[in-house]
Amino acid sequence: MAGAGIHPFHQQWPPAAAAPPPPGAAASVAVPPPPPVPSAPGTVAADEVRTIFITGLPADVKERELHNLLRWLSGFEASQINFKGDQPMGFALFSTAHQAVAAKAALQDMVFDAETKVALHTEMAKKNLFVKRGVGIDANAVDQSKRLRTGGDYTHSPYAPPFHPPPPAVSMWGTPGYITAPPPYNPYAAYPVPPVAMTSPSPVTGPTAYAPVQNTKDNPPCNTLFIGNLGDTVVEEELRSLFSVQPGYKQMKVLRQDRNTVCFIEFEDVNAATSVHQTLQGAVIPSSGRGGMRIQYPLSIEKMLDS
């Protein structure tokens, strides 16, 4: 029975559905658009151009040489060289458009080959470099001179995901965008260490003179520099005071041989080494006695000996 006789826990009938509006009124009712869905952090838009176009490369450039130049740049994923006649054209793919723009600025006007002395010209490509993930492709049937150079190793699994190198705490162009890395492990943290007074080092003056040097043949840029044309009387501390204040300096080793004295200097990245290669070329070391020093990229990165 209805009314006062209904039990308080009796299930009530659901309310009647509202009648649909007449056809003429439906057109006048504005349907609000769905709210925008924010992109997940770290995702890349499908139409985002992340590839740069590089010209100014020598006619005999190799895929490996371009790959070794680009693999030091943040976010690098893959590279490829195409030829239009005898002119090589390089393409480089990066993880994000921001990293591609930063790489374009870093490579612009860089002299790739010291023999031709032609500066690189970079611009954003019209579309992204296509990284093909083939399945069951015979490696012997692929032209090895045209294979794609990537930042990772895809030879062991055809289903390997794209390689993304771990980002540094601060990007190489000074824009903070990642979580700061944890401090290094200190095994002596539990032991009290008395403070030691540190004296401020005396300011180091730059080279006072430059002299022309013969440096017609050089190797592809890397993060290590070879210093030649040094005399037997050169003072190691004088060399160290000149190079240790340069941005990106890591370590130095002087090798005194029977006929000459040479020096190897390692930097944090290829950009720091390239800057010193250009700015200190031909600088005169007073204790050397041979005029301007010759700065080159070594044929292969030498292993620095323990000090």
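- As annotated in an unreviewed UniProt entry, the protein chain carries the name RRM domain-containing protein and comes from Miscanthus lutarioriparius.
- Within the UniProt record for the protein chain, the comment given under Subcellular location (unreviewed entry) is "Nucleus".

1. Re the pairing of strand E3 (residues 87-94)
- In terms of residue burial, E3 counts as a mostly covered element, since seven of its eight residues are buried.
- Pairing of strand E2 (residues 76-84) with E3, which is carried by eight bridges, proceeds in the antiparallel orientation. Bridged to Asn82 within E3 is Met89.
- Adjacent in sequence and paired antiparallel, E2 and E3 are bridged by two residues, among which Gly85 carries a positive phi angle near 75°.

2. Describing the sheet that holds strand E8 (residues 224-230)
- The sheet built from four strands is open, its strands ordered E9-E10-E8-E11 with antiparallel pairing. At either end of the open sheet lies a strand with only one pairing partner, and these are strand E9 (249-256) and strand E11 (294-296). Pairwise comparison of adjacent strand axes, ignoring direction, gives a mean angle of 20° for this sheet.
- One ladder, built from seven bridges, connects E9 with strand E10 (residues 261-267); its direction is antiparallel. Paired with Lys253 across the bridge in E10 is Phe264.
- Contacts from helix H4 (residues 236-243) reach E8, E9 and E10, with the element oriented near 155° to E9.
- Here helix H5 (residues 270-279) sits on the sheet and contacts E8, E10 and E11; the angle it forms with E8, its principal contact strand, is near 25°.

3. Observations concerning the pattern of salt bridges
- Overall, the coordinates contain three salt bridges when judged by the stated rule.
- One salt bridge connects Arg240 with Glu236, and the closest N-O pair in it is separated by 2.7 Å. Of this pair, Arg240 and Glu236 both sit in helix H4, separated by four residues, roughly a single helical turn.
- Residue classification places Arg240 among the partly exposed positions, given a relative accessible area of 26%.
- A residue is classified by how much of its surface remains accessible, and Glu236, at 31% relative accessible area, is partly exposed.
- With a closest N to O distance of 3.6 Å, Lys250 and Glu266 form a salt bridge. Taken together, the positions of Lys250 in strand E9 and Glu266 in strand E10 put the pair 16 residues apart, joining distant regions of the chain.
- In this structure Lys250 comes out as partly exposed when scored by relative accessible area, which is 43%.

4. What about H4?
- Of the residues making up H4, those classed as buried are Leu239, Leu242 and Phe243. Summarising the axial view, the buried residues of H4 lie within an arc of 85°, below the 170-degree limit, and thus occupy one face.
- Looking at the buried side of H4, the elements it contacts are E8, E9, E10 and H5.

The rules behind the values
- Residues numbered from 1 in each chain as written.
- Predicted model: local features only at pLDDT ≥ 70, side-chain atom pairs only at ≥ 80, totals over all residues.
- Heavy atoms only, no water.
- UniProt positions renumbered as here; feature names shortened; annotations may be inferred.
- Buried < 20%, exposed > 50% of the residue type's maximum accessible area, 1.4 Å probe, protein only.
- Helix = DSSP H or I, 4+ residues; strand = E, 2+ residues; numbered from the N terminus.
- Pairing = 2+ DSSP bridges.
- Axes fitted to C-alpha atoms, helices over the stretch in contact; angles between N-to-C directions.
- Contact = heavy atoms within 4.5 Å.
- Salt bridge = Lys/Arg side-chain N within 4 Å of Asp/Glu carboxyl O.
- Arc of directions from axis to C-beta.

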